[in-house]
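Take a look at the letters that make up each chain.
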Amino acid sequence: MLGSVFAAAAIAAQVADYGTAPLAAGMWTYQALPGGSEARFIDSTNIARLMIRCTRMSRQVNISHSSAISAPSMVIWTSSASRAVAVRFEPLAMRVTADFSALDPLLDAIAFSRGRLAVMIAGGVPMVVPAWPEAARTIEDCRI
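Residues numbered from 1 in each chain as written. Predicted model: local features only at pLDDT ≥ 70, side-chain atom pairs only at ≥ 80, totals over all residues. Heavy atoms only, no water.

1. Re helix α3 (residues 133-141)
Next up, step 1: Listed as buried for α3 are E134, A135, T138, I139 and D141. Seen end-on, α3 carries its buried residues on one side only, within an arc spanning 160 degrees.
Next up, step 2: Elements in contact with the buried residues of α3: β1 (26-33), β2 (36-43), β3 (48-55) and α2 (105-111). (Buried < 20%, exposed > 50% of the residue type's maximum accessible area, 1.4 Å probe, protein only. Helix = DSSP H or I, 4+ residues; strand = E, 2+ residues; numbered from the N terminus. Arc of directions from axis to C-beta. Contact = heavy atoms within 4.5 Å.)

Written out as structure tokens, the structure is:
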């Protein structure tokens, strides 16, 4: 585990500035759910590639990225902050998921990012998506 933390820190140190990177094709959607809400970035094939989910009762926000393989961490980049975060692999759903307290400062950076948000899994290609209000709305739902 400690090795994966050091590897994640090394990845975070190498993160480029994605402020002018091309955006992935797709769009954000927002959906209110019983006990929370979810924002999904849907690609041009109508597959959810990135999800931000609020669970109000636990005041927890989960960020999931589609992935066919396991990874120890993913890096989340915004215009004001980036961080490598530990993830768990969900093979049946084909995604990796990171858990956050609703008050985590990285969620503020996501909500207020200027134009872009990037998510990278070790060994994968960065996914750069537009920073639309659906993500911020989902994060805010967990803080009410």
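On we go from here.
2. Digging into empty space enclosed by the protein
Next up, step 1: Scanning the entire structure with this criterion turns up 1 cavity of 30 Å³ or more.
Next up, step 2: The volume enclosed by the largest cavity comes to roughly 30 Å³.
Next up, step 3: Along its surface, the largest cavity is lined by W28, I110, A111, L117, P130, A131, W132, A135 and A136.
Next up, step 4: At the level of elements, α2 and α3 are the ones that each hand at least two residues to the lining of the largest cavity. (1 Å grid on protein atoms, 1.4 Å probe; cavity = no way out; pocket = protein on both sides within 12 Å on 5 of 7 lines; lining within 4 Å. Points joined across faces, edges and corners; volume = space filled by probe spheres on them.)

3. Some details on the pattern of salt bridges
Next up, step 1: Across all of its chains, the model carries 8 salt bridges by this definition.
Next up, step 2: E38 serves as the salt-bridge partner of R53, at 3.4 Å between the closest nitrogen and oxygen. Residue R53 is found in strand β3, and its partner E38 is found in strand β2; the two are separated by 15 residues along the sequence.
Next up, step 3: In this structure R53 comes out as partly exposed when scored by relative accessible area, which is 36%.
Next up, step 4: By relative accessible area, E38 is classed as buried at 7%. (Salt bridge = Lys/Arg side-chain N within 4 Å of Asp/Glu carboxyl O.)

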